[in-house]
Amino acid sequence: MIKTLLILGSFIAAVQSACDNACSGHGKCGSKGVCDCFDNWGMGLAHMSGDCSERVCPFELAWVDTPDSLGNHHKYAECSNKGICNRGTGECECFPGYEGKGCQRTSCPNDCSGHGRCKYIQNLPYAQVAADHEIGFFRPQDAATFTYYGWDNQKTRGCECDPEYGDVDCSKRMCMFGNDVMDQRDDLTAATKYQTQKIIFQADDPSSYYSIRDKTFALTFKSKLNETFTTLPIPFYSVTGGAGGTAGLHEFILDVEGALERLPNRVIDNVEVHGDLDTSNQVHLNITFVGEHVQGPQNLITVKSILCGDGCSPKLSGLELQLETQNITEVTLSDFNSYECGRRGKCDYTTGQCNCFAGYTGLSCSTIACLNPF
């Protein structure tokens, strides 16, 4: 019996010794003395079994590779072809500009300089506000994003900068925008035009707007420096209690105008609001930007009409509005323009302040300095 066991042990040892380095403990010795390596173990660039002494790094879609016979690119490759595999740890040592498991995604420039968020390409917004892309609905204030089916979905990333910061790495502090004071209108005899935005409210009950009277909503304004400000709750036009009829509409208009002008930092220093109720029970508001701080084209205002209860700021009872009638559009173009430092100064991107050229002054260099006659 003992002799039999010794012979069997010698046979097993002989079989195992046929595999190089006993597969390094990371595989099973197969026929003809070839190791069958466990997952993520192998040897060399070809990942042939060998003695199973080296780790295999993660595979992801290659950033760059040679095509196959059908011309297909971006096949799976170790470290996405943008890094070197550390065979000892099984982790990719990515080239500059790439990171993550298998170097699968791009790094954002300078980590957005601490003044922005690094986002995947499919999450980067279009324009500034939701109404820039689609009207008919009072969308949330965030700009629209799109479903993206490109091969670099969940791979390519870029910076979305915080308010007051810009450039691809969010490293520059933005300066004030203003009207170029030396720019003249083509026809100085015509009345000056200011940008006017029109908001249409249509109650869910098309026969009457009474169902939304006294309920509250808010308006959000996004400045040219990407700062976002939201008004206090505004009660909707009511014909009950207090002032009714035309007086009630006038009171509603004053509420909207006052709410916008009370936004912090005098971001809207002067605005004029006009409104009416048409025969189809649609309430129209025309908001005209006439202040010095809001000269030229401004971002479309966002209407916050959805119920926002306890814990929300501002707390809103919301408006029940008819679908596809909730419009905010620009109806009058401004005669004024809007340029960085009014096109009459140079922005100091470290401080966010305009260094005005000789003869100009003001936060946006939009004022001509008085000449000293002496």
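Everything that follows concerns the structure shown earlier in this document.
Residues numbered from 1 in each chain as written. Predicted model: local features only at pLDDT ≥ 70, side-chain atom pairs only at ≥ 80, totals over all residues. Heavy atoms only, no water.

## Considerations on the layout of surface pockets
- Approximately 560 Å³ is the volume attributed to the largest pocket.
- For the largest pocket, the lining is made up of 27 residues, of which Arg-117, Pro-125, Glu-160, Cys-161 and Lys-222 are closest to its centre.
- Contributing elements (two or more residues each) for the lining of the largest pocket: β11 (116–120), β12 (157–161), β13 (165–166) and β17 (216–222).
- Broken down by class, the residue content of the lining of the largest pocket amounts to 11 nonpolar, nine polar and seven charged.
- Its volume calculated, the second largest pocket comes out at about 490 Å³.
- Surrounding the second largest pocket, 25 residues form its lining, Met-176, Phe-177, Leu-225, Glu-227 and Leu-363 being those nearest its centre.
- Residues of the lining of the second largest pocket, tallied by class, amount to 11 nonpolar, nine polar and five charged. (1 Å grid on protein atoms, 1.4 Å probe; cavity = no way out; pocket = protein on both sides within 12 Å on 5 of 7 lines; lining within 4 Å. Points joined across faces, edges and corners; volume = space filled by probe spheres on them. Helix = DSSP H or I, 4+ residues; strand = E, 2+ residues; numbered from the N terminus. Nonpolar A, V, L, I, M, F, W, Y, C, P; charged D, E, K, R; others polar.)

## Here's the deal with the sheet that holds strand β23 (residues 327–332)
- The strand order across the open sheet built from four strands is β20-β21-β16-β23, with neighbouring strands paired in antiparallel fashion. Only two strands of the sheet have a single neighbouring strand rather than two, namely β20 (271–277) and β23. Direction aside, the axes of adjacent strands within the sheet are offset by 25 degrees on average.
- Bridge analysis of strand β16 (residues 196–202) against β23 gives five bridges, and the strand direction is antiparallel. Bridge assignment links Thr-196 to a residue of β23, and that residue is Thr-332. (Pairing = 2+ DSSP bridges. Axes fitted to C-alpha atoms, helices over the stretch in contact; angles between N-to-C directions.)

## Observations regarding empty space enclosed by the protein
- Applying the stated criterion to the full structure yields one cavity of 30 Å³ or more.
- Roughly 70 Å³ of internal volume is contained in the largest cavity.
- What lines the largest cavity is Ala-130, Ala-131, Glu-134, Phe-137, Phe-138, Arg-139, Pro-140, Ile-301, Thr-302, Val-303 and Ile-328.
- Class assignment of the residues belonging to the lining of the largest cavity gives a composition of eight nonpolar, one polar and two charged.

## Regarding the packing of aromatic side chains
- Evaluated as defined, the whole model comprises 12 aromatic pairs.
- By way of ring pairs, the aromatic residues Phe-138, Phe-201, Phe-217, Phe-236, Tyr-237 and Phe-252 are connected into one cluster.
- A cation sits over an aromatic face here: Lys-172 above Tyr-349, 6.0 Å from the ring centre.
- Lying over the aromatic face of Tyr-339, Arg-343 brings its terminal NZ or CZ to 4.1 Å of the ring centre. (Phe/Tyr/Trp six-rings, centres within 6.5 Å; stacked < 30°, edge-to-face > 60°. Lys NZ or Arg CZ within 6 Å of the ring centre and 35° of its normal.)

## What to know about the pattern of salt bridges
- Taken as a whole and assessed by the stated rule, the structure comprises 13 salt bridges.
- Glu-160 is the salt-bridge partner of Lys-119, the closest N and O atoms lying 2.4 Å from each other. Taken together, the residues span a long stretch of sequence, with Lys-119 in strand β11 and Glu-160 in strand β12 at a distance of 41 residues.
- The class for Lys-119 is partly exposed, based on a relative accessible area of 21%.
- Arg-343 serves as the salt-bridge partner of Asp-180, at 2.9 Å between the closest nitrogen and oxygen. Placement of the pair is Asp-180 in the loop between β15 (177–178) and β16 and Arg-343 in the loop between β24 (339–340) and β25 (345–348), with a sequence separation of 163 residues.
- Given a relative accessible area of 41%, Arg-343 falls into the partly exposed group.
- Through salt bridges with shared partners, a single network forms among Glu-99, Arg-105 and Arg-157. (Salt bridge = Lys/Arg side-chain N within 4 Å of Asp/Glu carboxyl O. Buried < 20%, exposed > 50% of the residue type's maximum accessible area, 1.4 Å probe, protein only.)

## Brief notes about the environment of Pro-125
- Take Pro-125: it is sitting in the loop between β11 and β12.
- Assessed through its relative accessible area of 30%, Pro-125 is described here as partly exposed.
- Between the C-alpha atoms of Pro-125 and Ala-144, which are 19 residues apart in sequence, the distance is 5.4 Å.
- In this structure, Pro-125 is in contact with Ala-143, Ala-144, Thr-145 and Glu-160, ignoring residues within four places of it in sequence. (Contact = heavy atoms within 4.5 Å.)

## Details of the pairing of strand β7 (residues 83–86)
- Sheet analysis places β7 next to strand β8 (residues 91–94), joined by four bridges and oriented antiparallel. Looking at the pairing, Asn-86 lines up with Glu-91 of β8.
- Between β7 and β8, which pair antiparallel in sequence order, lie four residues; one of them, Gly-90, sits at a positive phi of approximately 75 degrees.

## So, the side chain of Glu-60
- Assignment of secondary structure puts Glu-60 in strand β5 (residues 59–61).
- What makes Glu-60 buried here is its relative accessible area of 15%.
- Other than its neighbours up to four places away in sequence, Glu-60 contacts Lys-75, Tyr-76, Ala-77, Ser-80, Lys-101, Gly-102 and Gln-104.

## Observations regarding the environment of Val-283
- Here Val-283 is to be found in strand β21 (residues 282–289).
- Along the chain, Val-283 and Ala-203 lie 80 residues apart, while their C-alpha atoms are 8.9 Å from each other.
- Leave out the neighbours within four places in its chain, and Val-283 touches Ile-199, Ile-200, Phe-201, Phe-236, Tyr-237, Phe-252, Asp-276 and Leu-277.

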